[in-house]
Amino acid sequence: MSATPTAAVRRAYAPVPFTAVTIDDVFWTPRLAANRERTIPIEYDQCKTTGRIDAVRLDWEPGKPVPHYFWDSDVAKWIEAAAYSLATNPDPALDALVDEVITLYAASQQPDGYVNTHYSTVEQQNRWTNLRDNHELYCAGHLIEAGVAHFQATGKRSLLDVVCCYADYIATVFGREEEQKRGYCGHEEIELALVKLYHTTGEQRYRDLAAYFVDERGAQPHYFDVEATARGDDPAKYHFRTHAYTQSHRPVREQREVVGHAVRAMYLYSAMADLAGEFGDGSLLEACEHLWKHLTTRNLYITGGIGPSAANEGFTHDYDLPNEKAYAETCAAIGLVFWAHRLLQLSCDGRYADVMERALYNGVISGVSLDGQRFFYENPLASQGEHHRQAWFDCACCPPNIARLLASLGEYIYGQGDNEIAVHLYVQGSAKMELGGQEITLRQETRYPWNGTVQIELGLPATSRFGLRLRIPGWCRRAQVAVNGQPVDMEGKLQRRYLVLERTWSPGDRVTLELDMPVERMYAHPDVCQDAGQVALQRGPIVYCFEEVDQPVPLPRLFLPKAAALTPSFQSDLLDGVVTLSGKGLAAAPDGWQDMLYRAQESTLQPVTLTAIPYYAWDNRAAGAMRVWLGEK
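These numbers were taken from a predicted model, which means no experiment stands behind them. (Residues numbered from 1 in each chain as written. Predicted model: local features only at pLDDT ≥ 70, side-chain atom pairs only at ≥ 80, totals over all residues. Heavy atoms only, no water.)

Colleague: Explain the sheet that holds strand β6 (residues 429-435) here, please?
Modeller: As a general point, the strands of a sheet are linked pairwise by backbone hydrogen bonds and lie either parallel or antiparallel. Taken together, seven strands build an open sheet; the order of strands is β2-β6-β7-β8-β14-β10-β11 and the sheet is antiparallel. Only two strands of the sheet have a single neighbouring strand rather than two, namely β2 (21-23) and β11 (486-487). Both strand β10 (residues 479-483) and strand β14 (residues 510-515) contribute to a ladder of five bridges, which runs antiparallel. By the bridge assignment for β14, Val481 is matched with Leu513. (Pairing = 2+ DSSP bridges. Helix = DSSP H or I, 4+ residues; strand = E, 2+ residues; numbered from the N terminus.)

Here you go:
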């Protein structure tokens, strides 16, 4: 990698920290409260009752339940989510609980710096012998992220010191020196975590270790084959058959198509974007751009979900987007948010913000119930009524993952450049930042995503010249903007889907953005065979679905006429307040089908009233069928 960042590739738009952002929003505030008041406590209880936390005491004995090799990652993500919550909503009881768990981890650290619940008790002799399958470096990465988050939230070094010592030990094990292992993790995560650790500590060795793990991936002879042979396994009998499952089938700069396990892919691509900006590495960014195009033009669900297959928890082939069998893991949509956000920091390109928003408002928050107490691992786009959120999972990566994302949501709203402020997401609240030696406050007022009107007030001590970038979402066909009531001609002011207002601002200036938000009918590419002849509904960033509880007849009988008007209406007493869509549909009548499965005459169609709700909110009422795509007549 190049040692010095270049002007062509750099992290030009740093996120405004979530600790500098206050959210007071009709849409997000109830979700953040549920996350803080119910989800985070529930996840601690689950980690406690399932043995994940007590396993850190390292008192396992043969005959007792075996601590799983990925349990540390679940606890670490809970610590991270709790730390973010503490940073914005101090809670002495939660703070003490986090300290208790960190004390266990500090006591569990081995003399050489190693930290892993499973391998420090069950398989002490097998450290680093199965990187392909057993998640040691993945767990280390989540512990590192937790240590960074806890330090930033509380100023305490108790976990940060533990993970720094651990990272230093890992750096002695892996590398290109003669006595080191030329390995890397089968489940990527540590790469992006090490970049965070570098930014927190300023120690370049952590960034360099992240670069090593990314650069070494896919090198020949293939490390996973080498280690399999060393432990007595036949590499040819690898369960997933191909190293594409772990995105190690070729060096990362040569990868052009998204493949394999979707969550692993997103974490790797996030690290690639991080390092592209850190080192000014155009080849890494070029690979990211190829991968991004392949994902978003051929392998992305309309909900922002990714990874259609349960068999590999990931990608199959282009345009394979089944609905009822969609895997679309919650963690994968979260990983997509991470990757999009990192690419957004490099170029402030609205393509990335659009996908980030699509995932956030649909395929991510569908992963948790409105009350914050139950979770989806898989997020199908159709159901016969048998798919429901669960209280917990044996493989519990998704619940704490969504908790840590929601607890740090403010970090995704704004970006700050050299002399610019970018508004990526429209969320009511305020943000404080320093620009040109002045503290500037931005205050958003909006009912987004239910309404497309956004008002932004600037608070600053004196006049100041800088640029304000406002994203014009890809779903918006018509937008208007005014400054202090005076319309602004947008001609020539759009850059990569952002409206750039560069001027001398005065205290109290107000910008009004009007985004047209009609109901839109969405159609899939003709090669997506599962959606042929069908239509989906979207309004603003929200994708809709039809739930059986709202319809007069079973879902398979329903059709949406091409000319049917659809009316949006805010229902304050439904699903914590949502805009529903209603209109005239058609239903196939069952008349004349008694004791017949097939006949030569088509069913007659009868008029009915259809109602659609936001996809994220399905399965929060009575159990029943659901569909995003509906036949169009």
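Colleague: Is there a simple way to explain the nonpolar core in this structure?
Modeller: One broad rule of soluble globular proteins: the nonpolar side chains tend to lie buried together. Judged by nonpolar contacts, the single largest core of 215 residues is most densely connected at Ile170 and Trp339. Sort the elements by how many residues they give to this core and helix α9 (residues 262-279) lands first, with 13 residues. Filtering out sequence-adjacent residues up to four positions away, Ile170 remains in contact with Trp128, Leu137, Ala140, Ile190, Leu209 and Phe213. In this structure, Phe18, Ala83, Tyr84 and Ala407 belong to the second largest nonpolar core, which totals five residues. (Core = buried A, V, L, I, M, F, W, Y, C linked by side-chain atoms within 4.5 Å. Buried < 20%, exposed > 50% of the residue type's maximum accessible area, 1.4 Å probe, protein only. Contact = heavy atoms within 4.5 Å.)

Colleague: What is the right way to look at unusual backbone geometry in this model?
Modeller: Excluding glycine, most residues fall at negative phi; most peptide bonds, likewise, are trans. Residue Pro221 is bonded to the preceding Gln220 through a cis peptide linkage, with omega at -5°. Tracing the chain through its elements places Pro221 in the loop between α7 (204-216) and α8 (223-230). Pro449 follows Tyr448 through a cis peptide bond whose omega is 10°. Tracing the chain through its elements places Pro449 in the loop between β7 (438-446) and β8 (453-459). The phi angle at Glu313 is positive, at roughly 50°, despite the residue not being glycine. Positive phi, normally seen in glycine, also occurs at Ala328, with a value near 45°. Looking at Ala328, the relative accessible area reads 2%, which means it is buried.

Colleague: How do you make sense of the packing of aromatic side chains when you look at a structure like this?
Modeller: In this description, a pair of aromatic rings is defined by centroid distance and the angle of the planes. All told, the structure shown has 31 aromatic pairs when counted by the stated rule. Residues Phe27 and Trp28 carry aromatic rings whose centres are separated by 5.0 Å and whose planes lie at 80° to one another, so their mutual orientation is edge-to-face. Residue class for Phe27 comes out buried when judged on its relative accessible area of 1%. Residue classification places Trp28 among the buried positions, given a relative accessible area of 1%. An angle of 45° between the planes, with centres 5.2 Å apart, marks the rings of Tyr44 and Trp78 as tilted. Taken together, the residues span a long stretch of sequence, with Tyr44 in helix α1 (residues 28-49) and Trp78 in helix α2 (residues 71-88) at a distance of 34 residues. In this structure Trp78 comes out as buried when scored by relative accessible area, which is 1%. Three or more aromatic residues link up through ring pairs in this structure, and these residues are Phe27, Trp28, Tyr361, Tyr426, Tyr448, Trp450, Trp475, Phe570 and Tyr616. (Phe/Tyr/Trp six-rings, centres within 6.5 Å; stacked < 30°, edge-to-face > 60°.)

Any functional reading would require information that these geometric values do not contain.
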